[in-house]
Amino acid sequence: MGEATVKTLDSRTATPSPMVDDETTAESVHTGQVRRAPRSPRRPRIWFEILLIAVSYWTYSLIRNAVPEQRTQALRNADWIWEAEKTLGIAVEQSVNHAVNSVTWLIVSMNYYYATLHFVVTIGVLVWLYRGHPGRYAATRLVLFSTTGVALVGYYLYPLAPPRLMNGQHFIDTVLVHETWGSMASGNFKNMSNQYAAMPSMHIGWSLWCGLVICALATAPWARILGVLYPTLTLVVIVATANHFWLDAVGGMICLAFGFGVSYAWYRALPHRLPRLVLEDPNRPQRFRRLLPTRA
């Protein structure tokens, strides 16, 4: 009887309790028995976020435009990209450019799409995150900022002319032909922006960031469909307007992957795995939140 009682107590003791105290958790993490918990998110402050975004974009534009416009090297790199795509059998940019340009209303719409949605949709997604997913906002914003930051390195190391500026390839600069406002590197704006910063494409980097965030966090099916369509349509637009090669888009995707890596390294979890909401008191115990982050 006593022996049976001892066995029962031992089996009870062996059963792990769902309540894990801080000391046990720290020891388990140190020994590698459980995955490290993500950092506790903090509630974003609207004034700080507006200031941060404004200063960051101003800095990004300043650095991007300060990169030396190495025209000869940029054109040489464009020729190499074009030949590489021909070798790979994906050099369809010129065909798409000429085909879409023949439909005036469509190409004009794409010019304005290229000029505006790049900023409007990105800011819209940031606002949506700030209001609806404050616990995931900082991590997701870090992805965007890291993506943009590493893109500046690409602009400096690999100057690249867009297809519309290539010599002898007969690409159409749709903004000039249709006299629309659609590119900071065409028409009256060409002296305000570095025209040879096409690799990587941040139109793709930012639009894919928007699409992935929407697909991961939105609950409405129509919103997820838009999340898929937005970067897809952006890819068509940057090619049809002769602002980028397909491979520029690949560069943008690589930069975005880097951004997610930076965010994961800092927060120890992908943004959508962090808690949706943030507790008002950051010192309040959050054992289960930290150990078991969920999408809810």
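Residues numbered from 1 in each chain as written. Predicted model: local features only at pLDDT ≥ 70, side-chain atom pairs only at ≥ 80, totals over all residues. Heavy atoms only, no water.

**Q** Please explain the overall build of the chain as it appears in this structure.
**A** Of the regular secondary structure elements, the chain holds twelve helices and zero strands. Reading the helices (α) and strands (β) of the chain from amino to carboxyl end gives α-α-α-α-α-α-α-α-α-α-α-α. Counting the 296 residues in the chain, one finds 42% classified as buried. For the chain, the proportion of contacts with a sequence separation of at least 24, taken over those separated by at least 6, is 81%. (Helix = DSSP H or I, 4+ residues; strand = E, 2+ residues; numbered from the N terminus. Buried < 20%, exposed > 50% of the residue type's maximum accessible area, 1.4 Å probe, protein only. Contact = heavy atoms within 4.5 Å.)

**Q** Can you help me understand helix 9 (residues 202-217) in this one?
**A** Owing to its 3.6 residues per turn, the α-helix brings residues three or four apart onto one side. For helix 9, spanning 16 residues, the distance from its first C-alpha to its last is 22 Å, which sits close to the expected 22 Å at 1.5 Å a residue. Burial analysis of helix 9 places twelve of its 16 residues in the buried class, which makes it a mostly covered element. Among all positions of helix 9, only Met 202, His 203, Ile 204, Gly 205, Trp 206, Ser 207, Trp 209, Cys 210, Gly 211, Val 213, Ile 214 and Leu 217 are buried. Measuring from the side-chain oxygen of the N-cap residue of helix 9 to the backbone nitrogen of His 203 gives 3.4 Å; that N-cap residue is Ser 201. (Expected span 1.5 Å × (residues − 1). Polar contact = N/O pair within 3.5 Å; in protein donor to acceptor, adjacent residues only side chain to side chain.)

**Q** In this structure, what is going on with unusual backbone geometry? I would like to understand it.
**A** Leaving glycine out, the prevailing phi sign among residues is negative, and the prevailing peptide bond configuration is trans. A cis amide bond links Met 199 with the next residue in sequence, Pro 200, at an omega value of 5°. Position of Pro 200 relative to the elements: it lies in the loop between helix 8 (174-178) and helix 9. Even without glycine at this site, His 170 takes up a positive phi of about 65°. As for its placement among the helices and strands, His 170 is situated in the loop between helix 7 (134-157) and helix 8. A relative accessible area of 61% means that His 170 is categorised as exposed. A positive phi angle is found at Glu 179, which is not glycine, with a value near 50°. Note that Glu 179 resides in the loop between helix 8 and helix 9.

**Q** Is there a simple way to think about the pattern of salt bridges in this case?
**A** Two side chains bearing opposite charge may form a pair once their charged atoms approach each other closely. Overall, the coordinates contain two salt bridges when judged by the stated rule. When the shortest N-O distance is used, the salt bridge between Lys 86 and Glu 83 registers 3.7 Å. Linking Lys 86 with Glu 83, this pair stays in helix 4 (residues 71-88), spanning three residues, or about one helical turn. The exposure class assigned to Lys 86 is partly exposed, which follows from its relative accessible area of 42%. Assessed through its relative accessible area of 43%, Glu 83 is described here as partly exposed. (Salt bridge = Lys/Arg side-chain N within 4 Å of Asp/Glu carboxyl O.)

**Q** Looking at this structure, how should I read helix 4?
**A** Here helix 4 contains 18 residues, and its C-alpha end-to-end distance of 26 Å stays within 8% of the 26 Å for a straight helix at 1.5 Å per residue. Those residues of helix 4 that are buried are in contact with helix 5 (93-101) and helix 11 (246-267). Directly beyond the C-terminal end of helix 4, a positive phi value near 75° is found at Gly 89.

**Q** Is there a simple way to explain the nonpolar core in this structure?
**A** One recurring pattern in soluble globular proteins is that nonpolar side chains are buried together. Membership of the largest hydrophobic core comes to 34 residues, with the highest contact counts inside it found for Val 125, Leu 129, Tyr 155, Met 202 and Trp 209. Breaking this core down by element, the ones donating at least two residues are helix 6 (104-132), helix 7, helix 9, helix 10 (221-240) and helix 11. Residue contributions to this core peak at eight residues, all from helix 9. Sequence-distant contacts of Val 125, that is, excluding residues within four places in its chain, are made with Trp 209, Cys 210, Val 213 and Ile 214. Judged by nonpolar contacts, the second largest core, of 14 residues, contains Leu 75, Ala 198, Ala 242 and Phe 245. (Core = buried A, V, L, I, M, F, W, Y, C linked by side-chain atoms within 4.5 Å.)

**Q** For this particular structure, what's the right way to read the packing of helix 7 against helix 9?
**A** At their nearest, the axes of helix 7 and helix 9 sit 10 Å apart, and the two run at 160° to each other. As far as their axial angle goes, helix 9 and helix 7 are roughly antiparallel. For the pair helix 7 and helix 9, the sense of crossing is right-handed. Contacts from Arg 136, Thr 140, Val 143, Leu 144, Thr 147, Thr 148, Ala 151 and Tyr 155 in helix 7 reach Met 202, Trp 206, Trp 209, Val 213 and Leu 217 in helix 9. When its residues are assigned to classes, the contact of helix 7 with helix 9 shows nine nonpolar, three polar and one charged. (Axes fitted to C-alpha atoms, helices over the stretch in contact; angles between N-to-C directions. Parallel < 35°, antiparallel > 145°, perpendicular 65-115°, else oblique. Left-handed = near helix turned anticlockwise from the far one by under 90°. Nonpolar A, V, L, I, M, F, W, Y, C, P; charged D, E, K, R; others polar.)

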